[in-house]
Amino acid sequence: MNISMNSLTFISIILTIVVYLGAKWLSIRILSPLTTPVLTATIVIIITLHFMGISYEQYTPAKEWMTFLLGPATVALAVPMYHNREVIMEKLFPALFGLIIGTISTITSAVWLSKALGLSETIQATSTVKAVTTPVAIEAVLHVGGDPALAAAFVIIAGIFGAIFAPVILTITKISDPFSRGLGIGTVSHVIGTSQAVKEGPIQGAVSSMAMGCAAIITSIILPWLYPLL
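The structure contained in this document is the topic of the report that follows. (Residues numbered from 1 in each chain as written. Predicted model: local features only at pLDDT ≥ 70, side-chain atom pairs only at ≥ 80, totals over all residues. Heavy atoms only, no water.)

When helices and strands are tallied, the protein chain shows 12 helices and 0 strands. Traced from its N-terminal end to its C-terminal end, the protein chain shows the element sequence α-α-α-α-α-α-α-α-α-α-α-α. Taken over the C-alpha trace, the protein chain has a radius of gyration of 18 Å; the compact-globule value for 230 residues is 17 Å, and the two agree within 12%. Judged by the C-alpha coordinates and their principal axes, the protein chain covers about 60 × 45 × 30 Å. Each of the 230 residues in the protein chain was classed as buried or not, and the buried ones make up 42%. Long-range pairs, those at least 24 residues apart, make up 66% of the contacts in the protein chain with a sequence separation of at least 6. Total accessible area on the protein chain stands at roughly 12,500 Å², and carbon and sulfur atoms take up 74% of it. A distance of 10 Å separates the average location of the 10 positive side-chain charges in the protein chain from that of its 9 negative side-chain charges. (Helix = DSSP H or I, 4+ residues; strand = E, 2+ residues; numbered from the N terminus. Rg over C-alpha atoms; globule rule 2.2 N^0.38 Å. Buried < 20%, exposed > 50% of the residue type's maximum accessible area, 1.4 Å probe, protein only. Contact = heavy atoms within 4.5 Å. Areas by Shrake-Rupley, 256 points an atom, 1.4 Å probe, with all protein chains shown as cover. Lys, Arg positive; Asp, Glu negative; His and termini not counted. Charge placed at Lys NZ, Arg CZ, Asp CG, Glu CD.)

Laid out in structure tokens, this is it:
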């Protein structure tokens, strides 16, 4: 394509925003885990870039701009946490205990599954951060010898699967308490899962935001010494 790099980056950003808004509109019209905006938008973007002849390397500058904005977007999730702070504080200590157990289980199961499948040590290390938000995952994975680019992919995949299947699994297992649902979703599927939890209700969204942030902190603290033991 005879387009300058700056123009291509601008076009890619606009395209991504338009596709996501369309995916969000679809999710409102068709209520289904399979219409989660991140899932449908990702599929459409991949197909569109393929037919436009835009490689991943050409799309990377646009991706980096949008990844940079993940930080402020994540901080903005503190707003629903503040509005529901009384509910969160009431169950804070049991929630923190569950978060620690959930985070350790997530890291451990990821490494053990990777080893069972005979995957490389790089993939094993990278899989440990799949349940935390991208900015944290990219930095934390460096301490265990993982690949930051692969970590970002794992995070997105884990988030999409969590957003799609976590609410379904919680419903099947008859977990209906809003606090518990938000805690479970936020612990294993970070921002993408939290966006789904927000749709369920303000408490689910607030607790999921809290769980996501705490899981990221816990992972950053325990990962460097836990991973070598696995």
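Moving on, there is more to tell.
Turning next to the environment of Ala23. Tracing the backbone through its elements, the reader meets Ala23 in helix α1 (residues 5-29). By relative accessible area, Ala23 is classed as buried at 5%.

A few words now on the nonpolar core. With 30 residues, the main nonpolar core has Leu99, Val129, Leu183, Met210 and Leu223 as its most contacted residues. Counting residues per element, the ones that place at least two in this core are α7 (92-116), α9 (134-140), α10 (148-172), α11 (178-200) and α12 (202-226). In terms of residue count, α12 provides more of this core than any other element does, 11 residues in total. In this structure Val129 touches Ala137, Ala140, Val141, Ala151, Val155 and Leu223, once residues within four positions along its chain are discounted. Counting 11 residues, the second-largest nonpolar core is a separate cluster that includes Ile13, Leu15, Leu49 and Ile54. (Core = buried A, V, L, I, M, F, W, Y, C linked by side-chain atoms within 4.5 Å.)

Quick look at the side chain of Thr60 now. If you trace the backbone, Thr60 turns up in helix α3 (residues 56-68). Take Thr60: its relative accessible area is 17%, and that puts it in the buried class. Looking at Thr60, its side chain comes within polar contact range of the main-chain oxygen of Tyr56, at 2.7 Å. (Polar contact = N/O pair within 3.5 Å; in protein donor to acceptor, adjacent residues only side chain to side chain.)

What follows deals with unusual backbone geometry. With a phi angle near 60°, Lys174 is a residue other than glycine that sits in the positive phi range. Tracing the backbone through its elements, the reader meets Lys174 in the loop between α10 and α11.

Next up on the list: the pattern of salt bridges. All told, the structure shown has 1 salt bridge when counted by the stated rule. Note that Arg181 is salt-bridged to Glu200, the shortest N-O span being 2.9 Å. Since its relative accessible area comes to 9%, Arg181 is described here as buried. Overall, the relative accessible area of 29% leaves Glu200 in the partly exposed class. (Salt bridge = Lys/Arg side-chain N within 4 Å of Asp/Glu carboxyl O.)

A few words now on α11. Its 23 residues give α11 an end-to-end C-alpha distance of only 8 Å, which falls more than 12% under 33 Å, the value for a rise of 1.5 Å per residue. His190 marks the point of greatest bend in α11, at about 145°. (Expected span 1.5 Å × (residues − 1). Bend = angle between axes of the 7 residues up to and from the residue.)

This paragraph deals with the side chain of Ser127. Position of Ser127 relative to the elements: it lies in helix α8 (residues 121-127). Classification of Ser127 as buried rests on a relative accessible area of 6%. There is a polar contact of 2.8 Å between the side chain of Ser127 and the backbone oxygen of Gln124. Contacts of Ser127, omitting those with residues within four sequence positions, involve Ala110, Val111, Ser114 and Phe154.

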